[in-house]
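# Chains, contacts and geometry: an overview
These are the residues of each chain, in order.
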Amino acid sequence: MKSTITQLERRFDIPSYLIGIIDGSFEVGNLLVIAFVSYFGAKLHRPKIIAIGCVLMSFGTFLIAMPHFLIGRYKIETSVRWSVNSTNNLSPCPASSPESTRAGDSPSLLNSRGCERESSVSMWIYVLLGNILRGIGETPVQPLGISYIDDYAQTENAALYIGCVQTISIIGPVFGYLLGSLCAKIYVDIGYVDLETLTITPGDARWVGAWWLGYLIAGTITLMSAVPFWFLPKSLPMPVDKHDSSCTPEQTRFIKDSPTMEHKFRPEEPANLHQMAKEFVPTLKSLLGNPVYVTFLCVTIIQFNSLIGMVTYKPKYIEQHYGQSASKANFLMGMINIPAVALGMFSGGVVMKKYKLGILGAAKFAFGTSLLGFFLSLFFFAMGCENSKVAGVTVSYTGVEGLSYQEQSLFSECNSGCLCSRRDWDPVCGENGITYVSPCLAGCSSSTGSGKYTVFANCSCVALPDTQQVNLTASLGQCPRSDSCDKVFPYFLALSVLSSFIISLGGTPGFMLLVRCIRPELKCFALGIHSLATRTFAGIPAPIYFGAIIDTTCLKWGNKMCGGRGACRIYNTSAYRTLYLGLTLGLRTASFFLCYPGFALLKRHIKMEEKHALTNGSAELESLRKEENSSKHCEQFIPDSDCIPDRETRL
């Protein structure tokens, strides 16, 4: 989903905040059912519930891809008109007259006819509904799957196993980004359009890849994954160090001392839905009455706001800031960034197992890695690129920078003889290294070649500074970024990998802190509420307000066929960097202030647990002494036949 964000934005001509709503709809699906799934699912057949979720996820994924087969062919926004059956193109600079008005201020007749064929229902609604269905299907995987592992694993191995699961769950996004990268290279209407006639490349702001293809593949794989889950048993052999909290100390001692009982199964109790429903509210009150859990929840919500907003728009940031194509941005996320996160989460589990960190040690480790990653991320502000030089948008037609963009600034004396549209976005790169919004606005009067190899000549606005050379040529597409920007990009990638690895080191210890700071019988429910809270207060709003803030940095918007604002074509790079990075790091800063009272509450919680354990230990020791004295008394004064073994063990 995140690898197709820019593709969906361009295909449906929608702004970033609306893409944020679509992306957050996955969390809406989770929100609808997660509290009930995590609470009731813990008492039912967990693997089969996960299998049903996989089927729902696959149907939702297919629904996302459906608009491609319902909507018409993608029409590229261009100002170039081609003559029929000829390699000579019509002039990109139609002559204007005093009576004429600027073309493009109202939809053309051709566009109006095309507009009539458009569906009355916005096709992105299907993507939204499909993503909600995906969210519903994904709900049981995390709370039921993690608790299933933690229930039937040795205590000392649980952290390692959960670390492995979290790591493997990262491999999915790796393949997702790689698949998104591959699909972004393929044109959206592959098989229906002659690619030789295309005037854009994958690096163009109007390029839309075959976004739908990846969803068909992912939906098929998700459907197949339901099969093994369906055949897993409801319960597994239980390790000897895990027993029901209802067992008395004598029962536990009997189980451990039995030479033939290495494992035991939990009794299969029939599910009483009415009784479970009655216990729901008291259980929720008990969980939210744990101050350590609530504080950890608040810290996690703020951190997740930062993380989700940053990850959602990171490929777009790479595209807009460093001039990379969507395909390359997704490839880098999949091959470099996500594996670093996976390695960090796995390493965090290994560190917990090797050094046998308790919950306080896990909390300190998670806080330390997050703080170190925060300081490293500050260097991103120094790895910026200048705005692209676009005549009439970021620089004047004479090359002076610092222009405040307005629609009238697109026109100049050099293109006053052309009837140009201020709405078109069909950029050309002049020989002087400046990008022009369209060949018409560059003042070009003729062109040669065809497709993406078209070259425009006699461009009156294209001139080399400090020389007498004018009327130079221009080629299709934006001018490449400066060399200094290309040199900074590898350092950005290296720092991104390092900071991602260090921050993710604390992922598994933080997760184990969540599991271990609550009573065992509330574990599954606590994981569900944790997922519910993070999705509600981070997963849903973060992409929306990050997208809305990014939209404020847009300099030139595209236009829909039927009129109205479409997707953004070019951003103010400096403002984009400041707002995107500033919001990400600002949220992390806020979360650190909550960590200090969190540590105080955690230490108090540990002291109370130790005191409680000592009290229980003294009571058990006293019980053992009484039992031993009773046994000796029985041996001395009562015949052996009168001693009842069952009474001695109290089983």
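Residues numbered from 1 in each chain as written. Predicted model: local features only at pLDDT ≥ 70, side-chain atom pairs only at ≥ 80, totals over all residues. Heavy atoms only, no water.

## Here we look at helix α13 (residues 326-355)
Spanning 30 residues, α13 covers 42 Å between terminal C-alpha atoms, matching the ideal 44 Å at 1.5 Å per step. At M333, α13 shows its maximal kink, close to 35°. Where α13 terminates, the next one or two residues include K356, which has phi positive at roughly 50°. (Helix = DSSP H or I, 4+ residues; strand = E, 2+ residues; numbered from the N terminus. Expected span 1.5 Å × (residues − 1). Bend = angle between axes of the 7 residues up to and from the residue.)

## A short note on empty space enclosed by the protein
All told, the structure shown has four cavities of 30 Å³ or more when counted by the stated rule. As a volume, the largest cavity reaches approximately 60 Å³. Together, T6, E9, R10, A205, K316, E319, Q320, A567, C568 and Y571 line the largest cavity. Those elements giving two or more residues to the lining of the largest cavity turn out to be α1 (5-11), α12 (291-322) and β7 (565-571). Residue classes in the lining of the largest cavity are distributed as four nonpolar, two polar and four charged. (1 Å grid on protein atoms, 1.4 Å probe; cavity = no way out; pocket = protein on both sides within 12 Å on 5 of 7 lines; lining within 4 Å. Points joined across faces, edges and corners; volume = space filled by probe spheres on them. Nonpolar A, V, L, I, M, F, W, Y, C, P; charged D, E, K, R; others polar.)

## Side note on the pairing of strand β4 (residues 455-459)
Note: strand β3 (residues 446-448) against β4, three bridges, orientation antiparallel. Across the sheet, S447 pairs through a bridge with F456, a residue of β4. Between β3 and β4, which follow one another and run antiparallel, lie six residues, and G449 among them has a positive phi close to 85°. Relative to strand β5 (residues 472-476), β4 is paired through three bridges, and the arrangement is antiparallel. If you follow V455 over to β5, its bridge partner there is S475. (Pairing = 2+ DSSP bridges.)

## A few points about the nonpolar core
One broad rule of soluble globular proteins: the nonpolar side chains tend to lie buried together. By size, the foremost hydrophobic cluster in this structure holds 41 residues, and its most contacted members are L287, Y293 and L602. Elements that contribute at least two residues to this core include exactly α2 (16-40), α8 (155-185), α11 (273-288), α12, α14 (359-377), α16 (507-516), α17 (523-539) and α19 (573-637). When residues of this core are sorted by domain, at least three fall in each of domain 1 (1-82 + 121-235) and domain 2 (285-385 + 483-598). In terms of nonpolar packing, the next biggest core, distinct from the first, is built from 29 residues, C420, V428, Y436 and V437 among them. (Core = buried A, V, L, I, M, F, W, Y, C linked by side-chain atoms within 4.5 Å. Buried < 20%, exposed > 50% of the residue type's maximum accessible area, 1.4 Å probe, protein only. Domains from an automatic or database assignment.)

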